[in-house]
Amino acid sequence: VKLVESGGGLVQPGGSLRLSCAASGFTFSTVGMSWYRQAPGKERVWVATITSIGGSTRYADSVKGRFTISRDNARNTVDLQMNSLKPEDTAVYYCYTVYGRDYWGQGTPVTVSS
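All values reported here derive from a predicted model rather than from experimental measurement.

Novice: Whenever I open this one, the state of the cysteines confuses me. Can you help?
Specialist: Disulfides are covalent bonds that connect the sulfur atoms of two cysteines. This structure, assessed with the given rule, holds 1 disulfide. What pairs with C21 in a disulfide is C95, and their sulfur atoms sit 2.2 Å apart. Judged by the sign of its S-S torsion, about -85°, the bond between C21 and C95 is left-handed. A residue pair is termed long-range when its members are at least 10 positions apart, and C21 in strand β3 (residues 17–24) and C95 in strand β9 (residues 91–98) qualify at 74 residues.

Novice: Can you help me understand unusual backbone geometry in this one?
Specialist: The phi torsion at N76 lies on the positive side, around 60°, for a residue other than glycine. You can see N76 is positioned in the loop between β7 (67–72) and β8 (77–82). What makes N76 partly exposed here is its relative accessible area of 24%. Positive phi, normally seen in glycine, also occurs at S84, with a value near 50°.

Cut-offs used in this document
Residues numbered from 1 in each chain as written. Predicted model: local features only at pLDDT ≥ 70, side-chain atom pairs only at ≥ 80, totals over all residues. Heavy atoms only, no water. Disulfide = S-S within 2.5 Å. Helix = DSSP H or I, 4+ residues; strand = E, 2+ residues; numbered from the N terminus. Buried < 20%, exposed > 50% of the residue type's maximum accessible area, 1.4 Å probe, protein only.

Distances and angles like these do not, on their own, reveal function.
Now the structure itself:
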């Protein structure tokens, strides 16, 4: 199992960024996928989840209405569209799934600053 995030970077407050996670080594369409984030000096926290069947989504209150998680089962990718970004969204963002055990990507850093 391999999860590889991309798309992070520096963005001004109010801006947008789209993260992507490329998955391989397992049957992607059969498992739920999530995004987590870890701000400097803080614990890693859950951001959003999309289910395998039906693609139902759930969001942390802190990002609800601003972030959108989506998946493409043909390309084995899960994306996180982040709009109206705030400085408090600054963190390393991780892709996560459970396939027998927990799997994490290496993370992609997002910095929201003017």
